[in-house]
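Take a look at the letters that make up each chain.
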Amino acid sequence: MSALMLPELAPTMPAADVADRCRVLGILNVTPDSFSDGGRFNSIDAAVARGLELVRHGADFVDVGGESTRPGARRVSEPEERRRVLPVVAALSEAGVRVSVDTMRASIAAAAVAAGAVLVNDVSGGLADPAMLPFLAESDVQCVLMHWRGHAEIMQDLAIYRSVVEDVCIELAQRSDAALAAGVRPENIVLDPGLGFAKNSGQSWSLLAALPRLHMLGFPVLVGASRKRFLAECVDYGGLDPSISTDRDDVSNAVSALAASAGAWGVRVHSVGPAAAAVRTASRLRAAALGED
Ligand code: PMM
C-alpha cells in the first residue's frame, strides 16, 4: 500500500449535480508505456497524487487503467496489471474518489470493485474475457461497454465497415444484449463507440457526428476522444501564427463541449479542468434553452 499521506478530499460532485450533466472521467493511466502521459504516473504515490489532482480539477470519476490499448501495444500479464492498478484503486477509493477501473479482465475488475471501484470500464465490451459479463451481473456494478473488434496488435486491420455508424450500432447492440442476457441490469449499462479502436480518422469523426444515432440504442453514451490521433487534423491545419500554441487538448476540450451538448453521459479526458468547464457550459446552455432562467 502507498505510503502517501492522503489529504482531506472534498467528496466529488454530489450525485444530484452529476445526474443532470455530462460526467467527466479523468484518465489515470498507470502504464509505463502510456503514450499520452508518457508513463509519468507509474509509481503508486505519483499515481494517487495525480488521481486526487484530477478530482480537484473537477473529475467526477477517476478512470484507472494498467494496460495500454494504443494501436500495436502488447498485452500485460494479469499479475502485472493487478500490481499496477489495485493499490491505486484502493487508495483513491479510500480517499472518497469515485474510481472507475479500465480493464478487460474480470479478475481485475472483481478485485478493483472489492477495493472500492464503482464503475468497470471494459474497452472490449465483455468480449475479451468470458467471465466479465457474469461478474458485472453478479456484482451489480455500473459498467461501460465499448465497441471493440480485437486486441491492440491487430485492431487497425479490423477497421473495415459497410457503414461505420450502422455496423458499430449493430455490434454495440449485440454487446448490450449479451450483457442483459448475462443478467446485467439495464440501468448499469453505458455504451461507448470506441473512437480510434479499429477505426481510422474518418470513421472516428463519423461516429462522433452520430451521437443521436448511438443514443437510439437506449443507453447512455460515453465519448473517449481525448488526445486521440484523429483530432490532429484540427491542430495542424497550416497557416497558423507559430506563437499560437494549439494542441490536441484544445480539440479534446471542444469535443467535450460538443459531446455534452449532444447529450453524452460522459467524456473520458486527460485534461480535466477544461473538460469540466466545457460540460458545465453545455449544461448551462441547455438550462437556458429550456427557459430555466
Ligand atoms: N480509450 C482508451 C482507453 N480506454 N475507455 C473507453 N471507455 N473509451 C475510450 O475511448 C478509451 C478507453 C485509449 O486512450 P488512452 O490511452 O489515451 O487512455
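Bear in mind the structure is a predicted one, so any value in this text is a computation, not a measurement.

Engineer: Just checking my understanding: could you explain the overall build of the chain for this structure?
Structural biologist: Scanning the chain from N- to C-terminus turns up 10 helices and 8 strands. Over its C-alpha atoms, taken along the principal directions, the chain stretches across nearly 50 × 40 × 40 Å. Pairs at least 24 residues apart make up 69% of the contacts formed inside the chain by residues separated by at least 6 positions. Total accessible area computed for the chain in this model is approximately 12,600 Å², and 56% of it derives from carbon and sulfur atoms. Distance from the positive charge centre (27 side chains) to the negative charge centre (35 side chains) of the chain: 2 Å.

Engineer: I'm lost on helix 2 (residues 44-56) in this one. Help?
Structural biologist: Under the 1.5 Å per step criterion, the end-to-end length of helix 2 is 18 Å for 13 residues, consistent within 8% with the ideal 18 Å. Listing the buried residues of helix 2 in full gives Ala-47, Val-48, Arg-50, Gly-51, Leu-52, Leu-54 and Val-55. Its buried side turned inward, helix 2 meets strand 1 (23-29), strand 2 (61-65), helix 3 (78-94) and helix 10 (272-289). Once helix 2 finishes, Gly-58 follows within two positions and takes phi at roughly 120°, a positive value.

Engineer: Even after reading the chapter, I still don't get helix 9 (residues 248-261), so can you show me in this structure?
Structural biologist: Given 3.6 residues per turn, any residue in an α-helix points the same way as the ones three and four places further on. Taking 1.5 Å of rise per residue, the 14 residues of helix 9 would be expected to cover 20 Å, and the 20 Å separating its terminal C-alpha atoms lies within 8% of that figure. For helix 9, the set of buried residues is Asp-249, Val-251, Ser-252, Asn-253, Val-255, Ser-256, Ala-259 and Ala-260. Buried-residue contacts for helix 9 involve helix 7 (201-208), helix 8 (211-215), strand 7 (222-223), strand 8 (266-269) and helix 10. One side-chain oxygen at the N-terminal end of helix 9 lies 2.9 Å from the backbone nitrogen of Asp-249; it belongs to Asp-247. Gly-263 sits one or two positions beyond helix 9 and adopts a positive phi of about 95°.

Engineer: What is the right way to read the site of the ligand from this model?
Structural biologist: In the neighbourhood of the ligand, 17 residues make up the surrounding shell, with Asp-102, Asn-121, Asp-192, Lys-228 and Arg-268 lying closest. Here Asp-102 contributes a side-chain N or O atom positioned 2.8 Å from a nitrogen atom of the ligand. Measuring from an oxygen atom of the ligand, one finds a side-chain N or O atom of His-270 at 3.1 Å. If the ligand stood free it would expose 410 Å²; the protein chains cover 97% of that surface. The set of elements that each furnish at least two residues to the shell around the ligand consists of strand 1 and strand 5 (142-146). For the shell around the ligand, a count of residues per class yields 7 nonpolar, 6 polar and 4 charged.

Engineer: Would you mind showing me how to read the packing of helix 9 against helix 10 here?
Structural biologist: Two elements in contact, helix 9 and helix 10, have axes whose closest approach is 8 Å; the angle formed by their N-to-C orientations is 30°. Considered as vectors, helix 9 and helix 10 are oriented roughly parallel to each other. Every pair of crossing elements has a handedness; the one defined by helix 9 and helix 10 is right-handed. On helix 10, the residues touching Asn-253, Ser-256, Ala-257, Ala-260 and Ser-261 of helix 9 are Pro-274, Ala-275, Ala-278, Val-279, Ala-282 and Arg-286. Counted by class, the contact of helix 9 with helix 10 contains 7 nonpolar, 3 polar and 1 charged residues.

Cut-offs and rules
- Residues numbered from 1 in each chain as written.
- Predicted model: local features only at pLDDT ≥ 70, side-chain atom pairs only at ≥ 80, totals over all residues.
- Heavy atoms only, no water.
- Helix = DSSP H or I, 4+ residues; strand = E, 2+ residues; numbered from the N terminus.
- Contact = heavy atoms within 4.5 Å.
- Areas by Shrake-Rupley, 256 points an atom, 1.4 Å probe, with all protein chains shown as cover.
- Lys, Arg positive; Asp, Glu negative; His and termini not counted.
- Charge placed at Lys NZ, Arg CZ, Asp CG, Glu CD.
- Expected span 1.5 Å × (residues − 1).
- Buried < 20%, exposed > 50% of the residue type's maximum accessible area, 1.4 Å probe, protein only.
- Polar contact = N/O pair within 3.5 Å; in protein donor to acceptor, adjacent residues only side chain to side chain.
- Near = heavy atom within 4 Å.
- Nonpolar A, V, L, I, M, F, W, Y, C, P; charged D, E, K, R; others polar.
- Axes fitted to C-alpha atoms, helices over the stretch in contact; angles between N-to-C directions.
- Parallel < 35°, antiparallel > 145°, perpendicular 65-115°, else oblique.
- Left-handed = near helix turned anticlockwise from the far one by under 90°.

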